[in-house]
Amino acid sequence: RTRVLTGITTSGTPHLGNYVGAIRPAVAASLDANTESFYFLADYHALIKVQDPARVQRSTLEIAAAWLACGLDPAKVWFYRQSDVPETTELTWLLTCVAGKGLLNRAHAYKAAVDRNRVEQVDDDAGVTAGLFMYPVLMAADILLFNAHKVPVGRDQVQHIEMARDFGQRFNHLYGEHFTLPEAAIEEHVATLPGLDGRKMSKSYDNTIPLFAPREQLKKLIFAIKTDSRAPGEPKDTQESALFQLYQAFASADEVDAMRKAFADGIAWGDAKQQLFERIDRDVAPLREKYEALMAEPAKIEALLRDGARRLRETYAAPLMTTLRDSVGLRDLS
Ligand code: TYM
């Protein structure tokens, strides 16, 4: 069976970008009997950005509930919290020792931090933790630990998958063929969802629309999406429009055609926003109800995550680590 693996960082509230780019396609793919799916909550990754323990815990619960509300079946899919599988960190070290520092210098997140520092004319590495620098190695460990074949992610994550291949390949070259080299799976029709300001929807830009915002808040946020100053009756441009792209991510082909025509006919922005709100709410409302019910029973979610990780460690992580320790010359722990 093809192994498909993906994770979401538990650094905030799940948003529409996570839903369209990760959760929705992953849940659909998990229904295929020829795949074995691994979906997890990346809480080790969260520590790179968030140093507020309550927020990490809250986010873990919210993102777990979001996956479940969107139809993930924990009986059919490996569903777990990254830190419940501590073999991940041990593998991170083995990979750290084969990872080229020069390659890590070129990682997007690190380079962005350096670029910001240059603009502010401070030291390149000011405020940069080794955790941020090592982000791609931790992510490679997530993937290689389970020999995933395919990693469905947004375009922003493709470079990380390429690095995972690179580290895996170097390790295999030195110590034998232990790792499957993963491939990024970008669903061509899944674009990067823009946020309120038109940039990529992202926790870092503070421009997100929470997936399960209460109805009134969802409406308020959608009405706050940035649009140009074209008046009602003036034709609107679909190309650069965040509103149109959001609509496209939820609507059917026919609905999108109708909206394109409405844009050309000069629909008022307020009317377009109302239609977008109704379209998103139609999909999200039934999920929101399930989400709220799940959030009322955190102990259930907790038990489910622990059980997933326990079985996963027994089945895959622990045996692989035993083999890997032996292959690099470390003592057998058993
Ligand atoms: P994260 O938490 O930033 O995002 C989780 C997933 O959501 C997708 N995504 C988006 N898709 C479309 N439009 C957007 N605006 C948008 N924002 C986020 C991301 O592409 C991603 O698929 N490093 C990862 C988490 C991770 C991981 C892994 C993923 C850790 N280990 C191993 C795959 C395999 C991250 O921070 O994703």
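Note that the structure is predicted; figures quoted are calculated from it, not measured.

Draft legend 1. Main features of the site of the ligand. Every one of the 25 residues lining the ligand counts as a neighbour, but Thr9, Gly17, Gly21, Gly154 and Met201 are closest to it. Among the elements of the structure, strand 1 (2-9), helix 1 (16-30) and helix 7 (130-144) are those that each provide at least two residues to the shell around the ligand. Its residues placed into classes, the shell around the ligand shows 11 nonpolar, 11 polar and 3 charged.

Draft legend 2. Main features of unusual backbone geometry. Although it is not a glycine, glutamine 121 adopts a positive phi angle of roughly 55°. With phi around 45°, asparagine 147 is a residue other than glycine that occupies positive phi space. Residue placement: asparagine 147 occurs in the loop between helix 7 and strand 4 (150-152). Judged by C-beta crowding, with 17 C-beta atoms within 10 Å, asparagine 147 ranks as partly exposed.

Draft legend 3. Layout of the domain arrangement of the protein chain. The domains assigned to the protein chain are domain 1 (2-100 + 129-192 + 299-328) and domain 2 (212-293). Put simply, the middle of domain 1 and the middle of domain 2, counted by C-alpha atoms, are 32 Å apart. Taken together, the 6 residues of domain 1 in the interface contact 6 residues of domain 2. With 3 residues, helix 3 (residues 53-69) is the largest single contributor of residues to the side of domain 1 that touches domain 2. Looking at the side of domain 1 that touches domain 2 residue by residue, the class counts come to 6 nonpolar, no polar and no charged.

Draft legend 4. Fine view of the UniProt feature "binding site: L-tryptophan" (unreviewed entry) in the protein chain. In the numbering adopted here, UniProt assigns the feature "binding site: L-tryptophan" (unreviewed entry) to Asp142. In this fold, aspartate 142 is placed in helix 7. Discounting chain neighbours no more than four positions away, the residues touching aspartate 142 are Gly7, Gln82 and Thr88.

Draft legend 5. Structural context of the pairing of strand 1. With respect to burial, strand 1 is a largely interior element, 6 of its 8 residues being buried. In this structure, strand 1 lies alongside strand 2 (residues 35-42), joined through 8 bridges in parallel fashion. When the bridges of strand 2 are listed, threonine 6 appears paired with tyrosine 39. Between strand 1 and its parallel partner strand 2, the chain crosses via helix 1, and the hand of that crossover is right-handed.

Draft legend 6. Focus on the nonpolar core. Residues Ala66, Trp67, Leu95 and Ala140 are the most contacted members of the largest nonpolar core, which totals 83 residues. Three or more residues apiece are contributed to this core by two domains, here domain 1 (2-100 + 129-192 + 299-328) and domain 2 (212-293). Ignoring sequence-local partners within four residues, the contact set of tryptophan 67 consists of Ile23, Tyr39, Leu72 and Phe79.

Reading guide: rules and limits
- Residues numbered from 1 in each chain as written.
- Predicted model: local features only at pLDDT ≥ 70, side-chain atom pairs only at ≥ 80, totals over all residues.
- Near = placed C-beta within 6 Å.
- Helix = DSSP H or I, 4+ residues; strand = E, 2+ residues; numbered from the N terminus.
- Nonpolar A, V, L, I, M, F, W, Y, C, P; charged D, E, K, R; others polar.
- Buried ≥ 20, exposed ≤ 12 C-beta atoms within 10 Å, placed from the backbone.
- Domains from an automatic or database assignment.
- Contact = placed C-beta atoms within 7 Å.
- UniProt positions renumbered as here; feature names shortened; annotations may be inferred.
- Pairing = 2+ DSSP bridges.
- Right-handed = clockwise from strand over helix to strand, strands pointing away.
- Core = buried A, V, L, I, M, F, W, Y, C linked by C-beta atoms within 7 Å.

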